[in-house]
Amino acid sequence: RSVSKGKSSNVLEEIFSLPSISFVLAAIFAFVGLSGLCFYIYCFEYLDSALLYHIGRTDHRHNFSMFYYWIYLDYTNPNKDVMGLV
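Residues numbered from 1 in each chain as written. Predicted model: local features only at pLDDT ≥ 70, side-chain atom pairs only at ≥ 80, totals over all residues. Heavy atoms only, no water.

## Let's talk about the overall build of the chain
The following threshold applies: Helix and strand definitions follow DSSP, with helices as H or I runs of at least four residues and strands as E runs of at least two, each counted in order from the N terminus. Accessible area is worked out with a 1.4 Å probe on protein chains only. A residue is then buried under 20% of its type maximum, exposed over 50%, and partly exposed in between. Reported accessibility uses the Shrake-Rupley method at a 1.4 Å probe radius. Residues are deemed covered only where the shown protein chains occlude them.
What the chain contains, in helices and strands, is 5 helices and 0 strands. Across the 86 residues of the chain, 9% fall into the buried class. In the structure as shown, the chain presents an accessible area of about 8,000 Å², 67% of it carried by carbon and sulfur atoms.

## Regarding the packing of helix H2 (residues 18–42) against helix H3 (residues 44–56)
Operational definition: Here an angle of 0 to 180 degrees is reported between the N-to-C directions of two axes, which are lines fitted to C-alpha atoms, with helices fitted over the stretch in contact. By the definition adopted for this analysis, an angle is roughly parallel if under 35 degrees, roughly antiparallel if over 145, roughly perpendicular if from 65 to 115, and oblique otherwise. By definition, residues are in contact when any of their heavy atoms lie within 4.5 Å. Three classes are used: nonpolar for Ala, Val, Leu, Ile, Met, Phe, Trp, Tyr, Cys and Pro, charged for Asp, Glu, Lys and Arg, and polar for all others, with Gly counted as polar.
Where H2 contacts H3, the axes come no closer than 6 Å and their chain directions differ by 130 degrees. Overall, the two elements H2 and H3 adopt an arrangement that is oblique. Residue-level contacts link Ser-35, Cys-38, Phe-39 and Tyr-42 of H2 to Phe-44, Glu-45, Tyr-46 and Leu-47 of H3. For the contact of H2 with H3, the residue count by class is 6 nonpolar, 1 polar and 1 charged.

## Digging into the packing of aromatic side chains
As a reminder of what qualifies: The rule is short: rings of Phe, Tyr and Trp, with Trp giving its six-membered ring, pair when the centres are within 6.5 Å, and they are stacked under 30 degrees, edge-to-face over 60, tilted in between.
Enumeration according to the criterion identifies 1 aromatic pair in this entry. Their ring planes at 90 degrees and their centres at 5.4 Å tell us that Phe-39 and Phe-44 sit as a pair that is edge-to-face. Since its relative accessible area comes to 61%, Phe-44 is described here as exposed.

## Re H2
The test is simple: Take the residue count of a helix, subtract one, and multiply by 1.5 Å to get its expected span.
Here H2 contains 25 residues, and its C-alpha end-to-end distance of 35 Å stays within 8% of the 36 Å for a straight helix at 1.5 Å per residue. At the C-terminal side of H2, Cys-43 shows a positive phi close to 60 degrees.

## Some points on the confidence of the model for the chain
For clarity, the threshold we go by: Per residue, pLDDT captures the predictor's confidence, and it can take any value from 0 to 100.
Looking at the chain, pLDDT values average 77 and 63% of them are 70 or higher. Looking over the chain, one finds the lowest element-wise mean pLDDT in helix H5 (residues 80–85), namely 55, and the highest in H2, namely 95.

The structure is reproduced here in structure tokens:
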């Protein structure tokens with residue numbers, strides 16, 4: 001009687017296959033490489049405009065934020081600056 005590994009084993013093999021790992025490494029290399037190049041050219045202006053700006057932004061219409069709905073509901077709160085630090 002043979003024992004099958006099941007469907008979950010195949011999923012893990014696909015996730016950790018050479019093409020998948022190659023794709024993840026290429027994506028990380030592209031992101032870090034391009035960010036490093038832009039930082040080299042524009043210094044902290046790049047960091048502020050492209051990356052850090054999104055941390056403190058209070059525009060409730062920013063749909064790509066994970067906290068979109070929470071920011072939308074909290075937009076009129078007078079203590080929003082304090083809550084943004086938390």
